[in-house]
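Here is what each chain is made of, one letter per residue.
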6 protein chains.
Amino acid sequence: MPIIIVEGPKADKDTKRELVKRLTEVVREVYGVHHVSVVIHENETENVGINGELLSDVLRHRKAQGGKS
Amino acid sequence: MPIIIVEGPKADKDTKRELVKRLTEVVREVYGVHHVSVVIHENETENVGINGELLSDVLRHRKAQGGKS
Amino acid sequence: MPIIIVEGPKADKDTKRELVKRLTEVVREVYGVHHVSVVIHENETENVGINGELLSDVLRHRKAQGGKS
Amino acid sequence: MPIIIVEGPKADKDTKRELVKRLTEVVREVYGVHHVSVVIHENETENVGINGELLSDVLRHRKAQGGKS
Amino acid sequence: MPIIIVEGPKADKDTKRELVKRLTEVVREVYGVHHVSVVIHENETENVGINGELLSDVLRHRKAQGGKS
Amino acid sequence: MPIIIVEGPKADKDTKRELVKRLTEVVREVYGVHHVSVVIHENETENVGINGELLSDVLRHRKAQGGKS
């Protein structure tokens, strides 16, 4: 404890390494504890819903419009 | 917020699209909020336990008996 | 299975009863299953963060501005 | 998305405000995204187990020994 | 790791102490690991849904019928 | 209810079968209930952080040193 569960996107190992390192630093400093566990769940964009739409659909629509996230 | 986490079975994209759309409608109407996030975790039947048995075993036994869920 | 975990706001019993009833209907129809469990976690607004701010602070600021959610 | 769920100890509002602010900064920078939600679950020490013992018991033993975390 | 999250009922400290001790033994023996964390979420019966009904309603109906769980 | 969520390592089917069987026995005996659901999330070692390091890195370092877990 504490345990941090991340529901995030697909990511490469370097990204996850940096995420774990920096989340752990924050949790240690803010809570004043040493032991921190992190679990990263990588989710496909078709497994995430944002305001009623699949994230995969949202991103496809944005791309079609030349838009940005 | 709110956030809905679904521990469900494997499903195709159309099923997940409908699930996200309809869960979001319910959450918006019942709570009276706009922003709703959904995360769908698709679980293999051998990663789910029902009353002490793997779901994959339960389904295999039912099938052998010509039974139904 | 499936299991639905709701990270939501404080709510009264009637709201939660309706939420469970309607979420279960959706999950049954979309997945074509019978057994559905729901767990509702009620979270204080000071335990939720939205884009870097506590929800309790966001709501206080909105109220001060006469704004809406 | 992303969503960060923190299973942490009891904390005051200022601690949670700082936690949300800093976790969000890290997630934004590492993933390169804007929208970040955080949910903080505050857990009593008697609801956490560390290697087979309640955290409340571990802390009591440490205190009795004048030890540190 | 591993981490065990329990979505359970209200329980007294002795029950939770025994739960943590025994879940940890099982996880250690089955996975062959040493470090095990457990988090117990105690849920009110009105925050749990079973097949579309609040658990609090299910229990009240059973009691009225002199039934058992 | 209760529901047990396991954030664990990759495992074969026999391991998961034993885990579900034995976790369910413990939960039934300790809580005095019949219905128990288990969900096993199998996590890659590069998706788990221990005290700021990826578990995959921790294991690689240990191996290089001929160490043990």
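Preceding block: the structure.
Residues numbered from 1 in each chain as written. Chains lettered and ligands numbered in written order. Predicted model: local features only at pLDDT ≥ 70, side-chain atom pairs only at ≥ 80, totals over all residues. Heavy atoms only, no water.

## Notes on the overall build of chain A
Turning to step 1, where the next piece is worked out: Of regular secondary structure, chain A possesses two helices and four strands.
Turning to step 2, where the next piece is worked out: Over its C-alpha atoms chain A spans a radius of gyration of 16 Å, topping by over 25% the 11 Å that the globule rule assigns to 69 residues.
Turning to step 3, where the next piece is worked out: Dimensions of chain A along its principal axes, counting C-alpha atoms only, are 45 × 25 × 20 Å.
Turning to step 4, where the next piece is worked out: Each of the 69 residues in chain A was classed as buried or not, and the buried ones make up 49%.
Turning to step 5, where the next piece is worked out: For chain A, contacts bridging at least 24 residues in sequence account for 55% of all contacts bridging at least 6.
Turning to step 6, where the next piece is worked out: Each charge class in chain A was averaged separately, 11 positive and 11 negative side chains, and the resulting centres sit 4 Å apart. (Helix = DSSP H or I, 4+ residues; strand = E, 2+ residues; numbered from the N terminus. Rg over C-alpha atoms; globule rule 2.2 N^0.38 Å. Buried < 20%, exposed > 50% of the residue type's maximum accessible area, 1.4 Å probe, protein only. Contact = heavy atoms within 4.5 Å. Lys, Arg positive; Asp, Glu negative; His and termini not counted. Charge placed at Lys NZ, Arg CZ, Asp CG, Glu CD.)

## Points about the packing of helix H1 (residues 13–31) of chain E against helix H1 (residues 13–31) of chain F
Turning to step 1, where the next piece is worked out: Between H1 of chain E and H1 of chain F, whose axes approach to 10 Å, the crossing angle comes to 165°. Judged on the interaxial angle alone, H1 of chain F and H1 of chain E are roughly antiparallel. Classified by chirality, the crossing of H1 of chain F by H1 of chain E is right-handed. The segment H1 of chain E lies against H1 of chain F, with Thr15, Glu18, Leu19, Arg22, Leu23, Val26, Val27, Glu29, Val30 and Tyr31 of chain E engaging Thr15, Glu18, Leu19, Arg22, Leu23, Val26, Val27, Glu29, Val30 and Tyr31 of chain F.
Turning to step 2, where the next piece is worked out: Within the contact of H1 of chain E with H1 of chain F, the residues separate by chemical class into twelve nonpolar, two polar and six charged. (Axes fitted to C-alpha atoms, helices over the stretch in contact; angles between N-to-C directions. Parallel < 35°, antiparallel > 145°, perpendicular 65-115°, else oblique. Left-handed = near helix turned anticlockwise from the far one by under 90°. Nonpolar A, V, L, I, M, F, W, Y, C, P; charged D, E, K, R; others polar.)

## Focus on the interface of chain A and chain D
Turning to step 1, where the next piece is worked out: The interface is formed by 24 residues belonging to chain A together with 24 residues belonging to chain D.
Turning to step 2, where the next piece is worked out: Counting each side, the surface lost to burial between chain A and chain D is near 2,400 Å², with a carbon and sulfur contribution of 74%.
Turning to step 3, where the next piece is worked out: It is Met1, Val30 and Tyr31 of chain A that lose the most area in chain A upon contact with chain D, and together they represent 29% of the buried surface on that side.
Turning to step 4, where the next piece is worked out: Taken together, the connections running from chain A to chain D amount to two salt bridges.
Turning to step 5, where the next piece is worked out: Across the salt bridge formed by Arg22 of chain A and Glu29 of chain D, the nearest N and O atoms sit 2.8 Å from each other.
Turning to step 6, where the next piece is worked out: Joining chain A to chain D, the criterion identifies five residue pairs in polar contact (both at pLDDT 80 or more).
Turning to step 7, where the next piece is worked out: Counting only elements with at least two residues in the side of chain A that touches chain D, the list comes to strand S1 (3–8), helix H1 (13–31) and strand S3 (48–50) of chain A.
Turning to step 8, where the next piece is worked out: For the side of chain A that touches chain D, the element with the highest residue contribution is H1 of chain A, accounting for ten residues.
Turning to step 9, where the next piece is worked out: Tallied by class, residues from the side of chain A that touches chain D come to 18 nonpolar, two polar and four charged. (Buried area = accessible area lost by both parts, 1.4 Å probe. Salt bridge = Lys/Arg side-chain N within 4 Å of Asp/Glu carboxyl O. Polar contact = N/O pair within 3.5 Å; in protein donor to acceptor, adjacent residues only side chain to side chain.)

## Concerning the relation of the copies chain A and chain D
Turning to step 1, where the next piece is worked out: The operation relating chain A to chain D is a screw motion whose rotation component is 180°, with 0.0 Å of axial translation and a residual RMSD of 0.0 Å. The symmetry that links the two subunits is that of a two-fold axis. In terms of C-alpha distance to the rotation axis, chain A has Ile5 of chain A as its closest residue, with the C-alpha 2.5 Å off the axis. (Least-squares fit on C-alpha atoms with pLDDT ≥ 70 in both.)

## Describing the pairing of strand S2 (residues 37–42) of chain A
Turning to step 1, where the next piece is worked out: Buried residues dominate S2 of chain A, accounting for five of its six residues.
Turning to step 2, where the next piece is worked out: Bridge count for S1 of chain A against S2 of chain A is six bridges, and the pairing is parallel. Note that in S2 of chain A the partner of Ile3 of chain A across the bridge is Ser37 of chain A.
Turning to step 3, where the next piece is worked out: Read as a crossover between parallel neighbours, the route from S1 of chain A over H1 of chain A to S2 of chain A is right-handed.
Turning to step 4, where the next piece is worked out: Both S2 of chain A and strand S3 (residues 48–50) of chain F contribute to a ladder of three bridges, which runs antiparallel. (Pairing = 2+ DSSP bridges. Right-handed = clockwise from strand over helix to strand, strands pointing away.)

## Observations regarding helix H2 (residues 55–64) of chain D
Turning to step 1, where the next piece is worked out: Every buried residue belonging to H2 of chain D is among Leu55, Ser56, Asp57 and Val58 of chain D, and all of these are buried.
Turning to step 2, where the next piece is worked out: Summarising the contacts, the buried residues of H2 of chain D are in contact with strand S3 (48–50) and strand S4 (53–54) of chain D together with H1 of chain E.
Turning to step 3, where the next piece is worked out: Residue Gly66 of chain D follows H2 of chain D closely and has a positive phi angle near 65°.

## Observations concerning the interface of chain B and chain A
Turning to step 1, where the next piece is worked out: At the junction of the two partners, chain B supplies 16 residues and chain A supplies 15 residues.
Turning to step 2, where the next piece is worked out: Each partner contributes to the roughly 1,200 Å² buried at the junction of chain B and chain A, and carbon and sulfur atoms together form 44% of this total.
Turning to step 3, where the next piece is worked out: It is Lys13, Arg17 and Val20 of chain B that lose the most area in chain B upon contact with chain A, and together they represent 32% of the buried surface on that side.
Turning to step 4, where the next piece is worked out: Here chain B and chain A share two salt bridges between them.
Turning to step 5, where the next piece is worked out: Two residues, Lys16 of chain B and Glu46 of chain A, come together in a salt bridge whose shortest N-O distance is 2.9 Å.
Turning to step 6, where the next piece is worked out: The tally of links from chain B across to chain A stands at ten residue pairs in polar contact (both at pLDDT 80 or more).
Turning to step 7, where the next piece is worked out: Ranked by residue count, the leading element in the side of chain B that touches chain A is helix H1 (residues 13–31) of chain B, at seven residues.
Turning to step 8, where the next piece is worked out: Residue classes in the side of chain B that touches chain A are distributed as five nonpolar, five polar and six charged.

## Some remarks on unusual backbone geometry
For residues that are not glycine, phi is negative in most cases, and the peptide bond is trans in most cases.
Turning to step 1, where the next piece is worked out: Note the cis peptide between Met1 of chain A and Pro2 of chain A, where omega equals -5°.
Turning to step 2, where the next piece is worked out: Mapped onto the elements of the fold, Pro2 of chain A is located in the segment before S1.
Turning to step 3, where the next piece is worked out: Of note in the backbone geometry, Asn51 of chain E takes a positive phi value of approximately 50° without being a glycine.
Turning to step 4, where the next piece is worked out: Within the secondary structure, Asn51 of chain E is located in the loop between strand S3 (48–50) and strand S4 (53–54).

## Focus on the environment of Leu23 of chain A
Turning to step 1, where the next piece is worked out: Positionally, Leu23 of chain A belongs in helix H1.
Turning to step 2, where the next piece is worked out: The exposure class of Leu23 of chain A is buried, given its relative accessible area of 0%.
Turning to step 3, where the next piece is worked out: Separated by 14 residues in the primary sequence, Leu23 of chain A and Ser37 of chain A have C-alpha atoms spaced 9.7 Å apart.
Turning to step 4, where the next piece is worked out: Residue contacts for Leu23 of chain A: discarding those within four places in its chain leaves Ile4, Val6 and Val38 of chain A together with Leu23, Val26 and Val27 of chain D.

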